[in-house]
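Inside the fold
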Amino acid sequence: MLKDLFSKKKKYATIPSEQAKQDVPEGIMTKCPKCKKIMYTKELVKNLRVCISCGYHHPMSAPERIACLLDEGTFCEYDRHLLSKNPLDFPQYMEKIEEDREKTKLNEAVVTGEGTINGFPVVVAVMDSRFRMGSMGSVVGEKIARAIERAMEKSVPFIIFTASGGARMQEGVLSLMQMAKTSAALKLFSEQGGLIISVMTHPTTGGVSASFASLGDYNFAEPGALIGFAGRRVIEQTVREELPDDFQTAEFLLKHGQLDAVIPRHELKDTLTNILDIHQARGEDEWRTS
Amino acid sequence: MAYELEFEKPLVELRKKISELKEFTKHRDVDFSDEINKLEARLEKLEHDIYANLSPWDRVQIARHPNRPTTLDYIERLFTNFFECHGDRCFGDDEAIVGGIAKYHGLPVTVIGHQRGKDTKENIRRNFGMPHPEGYRKALRLMKQAEKFGRPIICFIDTKGAYPGKAAEERGQSEAIARNLFEMAGLTVPVVCIVIGEGGSGGALALGVGNYVHMLENSTYSVISPEGAAAILWKDASLAKKAAETMKITAKDLKELGVIDEIVPEVRGGAHRNVDEQAKYIDDVLQRSLRQLLPLSAEQLIAQRYEKYKQIGDFIESQQHVSVM
C-alpha cells in the first residue's frame, strides 16, 4: 500500500543493561545525578561533596559534616548509647535498624555533640539520611531533645543540620510525638535567650520540616535541597494541579519567605562564624560602660 | 552630573562656563586665571545662596533624586559583618525592605530599611521601595528577633509609601502596618529611626516608631505625597508644589512640630554629592542616640517611646463643653 511508503521508522530506545550499570565501580567513581558527570569520589569528597562541574550538593554523612564544620579535634559526641526498640512490634523493623547500624556505624539517624566552630562553642545535631532515610523515631527525638538541654545548661548556641524523610512510620504515633518533644525543648531554650540555627539539607520533609527544622532564629538551606511538608506526588494527586519545576526547592522556599538565606556549602562555615560572632557580642562592653 | 535639578540650573551654567574657559586657556597662550578665579568665587557664593534658601519643593526634588543614597549605601558604610535575612516565614520575601544583623562599632545591632533600586531593573525587583505586607512582616520578625537577643534596632526610612495594590490589600496591608506600630511601641530594646529620603505616610511610619526619630536635612516626611494632597484638596495634582509649601513636610517643619528629634545635616547640595561624608554625619547622630538609650531599662525605653508619641498633636483644652446632648 501507498501508506506503507510513508510509514515512520520505528525508533528503538536503548535500555541500559545491568552490565552497563555496573561499569562504574562502586565507591571509586561517583556519577552526579544532576549533570551526569562521572568523577572520582575522592575528588568529590575533597570538594565537600559539591559536584565539580555543576555545583550539585551531594548528600553528606553526619561524620563528614562534623569533620568539615567543627574545628579539628573539638567534637565530643553525646548519647551514643541510646538504641531503638520496636514498640509496635513492626515486622522486620529491628532487622532494618540493625542493617543500618552496621552500614553507617551510627547508633541512630542523628549524631549529637558539642565542639567549636572557629573557636565559638556550639552544640550540634546532625542528621544522617543513610540511616532509615533520616527518619525520626523515639531515639532521634530523644537525642535531639537532650542535645538542646545540654545547650541550655551550657548557654551555647544550638545548630541543627536536618536531612530526613520525616517521622518514622515503624514507631507510629510515638514518632509523631517526637515533633512535640523537640519543639517544646526548643521553646524552653529560646525563652532563655538561646540561639537556634537550622540548616536544612537535602531532603528535609514531613514531620522534621514541620518541627525543629523550621524553628531556627535563622533558617538556612543548602542550594537545591528538597524541603517541604507533603510530598510532591501526594500534592499533585490531591489538588490535580501541575506543580512548578522548582517546587519545594530551597530557592522556592527563599522566594516564599521561609528561609533567611540559601548558603552554598563552601560558604557555610564562614556564615555561621559571622552569626555566632555577632551573637557573642564582644566589643559590647565598651558601649555599655562609656 | 547627568541629572540636574530645576533650581540648580544657574549653577550648572556657571560651572560649564568655568570649565570652558579652563579648556580654552589650556590650548591658547592667553591667561584667563583672573577671570576664572572671579567666576569661581561667584560660583561659591551662588552655591551658598541657592543651597541656603531651598524651598520645600526643592527639597522634595533632592529627596527624590535618583542618585540619592539608599539604605544599603549607608549600611555598607556604617556597619560591619552585615548579614541580610530574608522572608517573613509566611508568604514571601519583599525586597522593598532589607534587614539583617550587623555590628555597629563592635555593637551587635539589627538594621532594617526601605530599599529603592538604583536602576529600572532593580526598581522593578524592589517595587520602587514600596513594600507589600510581607515586607512589614519581615521587618517585624527581625525586630522581635532583635528583642530576643537584646540588640538595638536601627531603621532607615525611605519610601514613597506602602504599595497600593490588589495583592497588598488581600494580604492585609493595613493590618501589617498597624501590627508594626503596635509591636514597635512595646519593644524592649532601643529603636533609632532615620528618615533618609522620602517618608511616605503609613508605609514609612511602619518602620518609624522609635525612641529617637531623626531626619536628613533634605528628606521629607508627610501623611501623603504633595501630588496626592493636591489631588485631594484641589483636585489638581499639578499643584503639588503649592501643596509641598503648605503641608509642612521638611525636616525643619517636623522638628518644630515635635515629630522628629534631630535634623541630620547634609552635604551641600544633597546627600548624593558625597555619600561617604554623609555617612559620617549619620554616624555621629547615631552614636550619640545609642549611647543615650543603651543605659535605659526595658521599661524606661517603652515609657520614653510612649511619652514621645503622646506629646505629638495639637489641640485646645477648653473650659467649655461642646455637646449636642
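Residues numbered from 1 in each chain as written. Chains lettered and ligands numbered in written order. Predicted model: local features only at pLDDT ≥ 70, side-chain atom pairs only at ≥ 80, totals over all residues. Heavy atoms only, no water.

**Topic: the packing of aromatic side chains**
The final tally for this structure, using the stated rule, is 6 aromatic pairs over all chains. With 6.3 Å between their ring centres and 20° between their planes, A:Tyr218 and A:Phe220 make a pair best called stacked. The residues A:Tyr218 and A:Phe220 share a single accessibility class, namely buried. Ring geometry for A:Phe247 versus A:Phe252: centroids 5.2 Å apart, planes at 65°, classification edge-to-face. A relative accessible area of 15% means that A:Phe247 is categorised as buried. Here the aromatic residues A:Tyr218, A:Phe220 and B:Phe83 are joined through ring pairs into a cluster of three or more. Above the plane of the ring of B:Tyr309 lies B:Lys308, whose end atom (NZ or CZ) is 5.5 Å from the centre. (Phe/Tyr/Trp six-rings, centres within 6.5 Å; stacked < 30°, edge-to-face > 60°. Buried < 20%, exposed > 50% of the residue type's maximum accessible area, 1.4 Å probe, protein only. Lys NZ or Arg CZ within 6 Å of the ring centre and 35° of its normal.)

**Focus on the nonpolar core**
Counting residues in hydrophobic clusters, the biggest one holds 97 residues, and the most contacted among them are A:Ile144, A:Phe158, A:Ile197, A:Phe220, B:Ile112, B:Met143 and B:Ile153. Once residues lying within four places of it in the same chain are set aside, the contact partners of B:Ile153 are B:Thr110, B:Ile112, B:Met143, B:Ala146, B:Leu187, B:Val189, B:Pro190, B:Val191 and B:Val192. One finds B:Ile75, B:Ala102, B:Val192 and B:Ile196 within the second-largest nonpolar core, a separate group that totals 29 residues. (Core = buried A, V, L, I, M, F, W, Y, C linked by side-chain atoms within 4.5 Å. Contact = heavy atoms within 4.5 Å.)

**Some thoughts on the environment of A:Asn107**
Residues and elements named next belong to chain A. Along the polypeptide, Asn107 turns up in the loop between α5 (93-104) and β4 (110-117). Residue classification places Asn107 among the buried positions, given a relative accessible area of 4%. Residues Asn107 and Ile97, spaced 10 residues apart in sequence, show a C-alpha to C-alpha distance of 8.9 Å. With residues near it in sequence (within four places) discarded, Asn107 still touches Asp79, Arg80, His81, Leu82, Leu83, Arg101, Phe131 and Lys143. Within polar-contact distance, the side chain of Asn107 engages the backbone oxygen of Arg80 at 3.0 Å. A polar contact is formed between the side chain of Asn107 and the side chain of Lys143, at a distance of 3.0 Å. (Helix = DSSP H or I, 4+ residues; strand = E, 2+ residues; numbered from the N terminus. Polar contact = N/O pair within 3.5 Å; in protein donor to acceptor, adjacent residues only side chain to side chain.)

**Some remarks on the UniProt feature "domain: CoA carboxyltransferase C-terminal" (unreviewed entry) in chain B**
UniProt tags residues 35-292 of chain B as "domain: CoA carboxyltransferase C-terminal" (unreviewed entry). Overall, residues 35-292 of chain B shows 46% helix and 19% strand. The separation of its end C-alpha atoms is 52 Å. (UniProt positions renumbered as here; feature names shortened; annotations may be inferred.)

**A few points about the UniProt feature "binding site: Zn(2+)" (unreviewed entry) in chain A**
All names here are of chain A. Per the UniProt record, "binding site: Zn(2+)" (unreviewed entry) is found at Cys32, Cys35, Cys51 and Cys54. Taking the farthest pair of C-alpha atoms as the criterion, the annotated set spanning 23 residues converges on one region, since that pair is 8.7 Å apart. Within the secondary structure, Cys32 sits in the loop between β1 (29-31) and β2 (38-40). Residue Cys32 is classed as buried on the basis of its relative accessible area of 0%.

**Considerations on the domain arrangement of chain B**
Structurally, chain B comprises domain 1 (9-53) and domain 2 (61-311). Put simply, the middle of domain 1 of chain B and the middle of domain 2 of chain B, counted by C-alpha atoms, are 39 Å apart. (Domains from an automatic or database assignment.)

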